[in-house]
Amino acid sequence: MRSLRADLDRPAIDAFLSAADAVMNSNTLLLKARSDAPLNDQNAAATLGSFLEDPLFLEMMLAADRIRGWYNLQEHVPETGGFAAGGTGSLVRGSGALTLDRLDAAGFADRLVWMLCDSSSPYRRHLGRERAKGLVEAFMREVLDPGSRPVTGDGARSDWSRTGWSFVSVRPDFLCSTGYHTGEPPEDPAYFDGGDSDTASLFYRDDVFYLLLTNGSP
């Protein structure tokens, strides 16, 4: 596998991630990678599992954490002036099975709108639905690449079902948790918080895939 991080430096991507940060009080991260083989319904879980076990996953998480300005998953090393993974354990929990639920394209778009309009928002920063739909539309146009720009479907909403991309929701229990919402002892390092704002979305076409992660606590 190899990182495609450079593809993510796009204004529309940053606008959506920043909006999710503000609404959900989330440290929203988006990873993009190329797998060794095409993904499909039968191997998506196994491919994601292999990615999580690969050192590349932690490298990409740390890079995304720095680039988005969070520095929650690493600590400064005075001797080198750089940063290293924080905590004493693994960010990824054991070898439990991943739970994936298939979404259609419209369901995935609705999931993104939910993040901006209806998710838990500790500081009451929900966006208006039209503004949220605009951010989601621009985000999806950018991440699904220029070659897959679809015809317009319902009103101003694009018909993403014709692009060849597949979308799944992944149960957010595969990364360590702060335990903020559950009262469980915090793990270190940790990403998820144990609340409704924890989400993981995998979407893929051929051998390219994205992993979109959110968390959230006051």
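Calculation notes
Residues numbered from 1 in each chain as written. Predicted model: local features only at pLDDT ≥ 70, side-chain atom pairs only at ≥ 80, totals over all residues. Heavy atoms only, no water. Axes fitted to C-alpha atoms, helices over the stretch in contact; angles between N-to-C directions. Helix = DSSP H or I, 4+ residues; strand = E, 2+ residues; numbered from the N terminus. Parallel < 35°, antiparallel > 145°, perpendicular 65-115°, else oblique. Left-handed = near helix turned anticlockwise from the far one by under 90°. Contact = heavy atoms within 4.5 Å. Nonpolar A, V, L, I, M, F, W, Y, C, P; charged D, E, K, R; others polar. Core = buried A, V, L, I, M, F, W, Y, C linked by side-chain atoms within 4.5 Å. Buried < 20%, exposed > 50% of the residue type's maximum accessible area, 1.4 Å probe, protein only.

Observations concerning the packing of helix α1 (residues 11-24) against helix α5 (residues 129-143)
Next up, step 1: In the contact formed by α1 and α5, the axes pass within 8 Å of each other and the chain directions differ by 135°. One way to sum up the angle between α1 and α5 is to call them oblique. Of the two possible hands of crossing, α1 and α5 adopt the one that is left-handed. Here α1 contributes Ala12, Ile13, Ala15, Phe16 and Ala19 to the contact with α5, which in turn contributes Leu135, Val136, Ala138, Phe139, Glu142 and Val143.
Next up, step 2: For the contact of α1 with α5, the residue count by class is 10 nonpolar, no polar and 1 charged.

Here we look at the packing of helix α4 (residues 105-117) against α5
Next up, step 1: Packing of α4 against α5 leaves a shortest axis separation of 9 Å and a crossing angle of 130°. Accordingly, the angle class assigned to the pair α4 and α5 is oblique. The way α4 lies across α5 gives a crossing that is right-handed. Along the contact surface, α4 presents Ala105, Phe108, Ala109, Leu112, Val113, Leu116 and Cys117, while α5 presents Arg129, Ala132, Lys133, Leu135, Val136, Phe139 and Met140.
Next up, step 2: Among the residues forming the contact of α4 with α5, the class breakdown is 12 nonpolar, no polar and 2 charged.

As for the nonpolar core
Next up, step 1: Counting 34 residues, the largest nonpolar core has Phe16, Leu30, Leu112, Leu116, Met140 and Phe203 as its most contacted members.
Next up, step 2: Going through the elements one at a time, α1, α4, α5 and β8 (208-214) are the ones with two or more residues in this core.
Next up, step 3: Ignoring any residue separated from it by four or fewer positions in sequence, one finds Leu112 in contact with Phe16, Val136, Phe139, Met140 and Leu212.
Next up, step 4: Core analysis: the second largest hydrophobic core is formed by 30 residues, Ala44, Leu48, Leu91 and Phe209 among them.

None of the figures reported here should be taken as evidence of function without further support.
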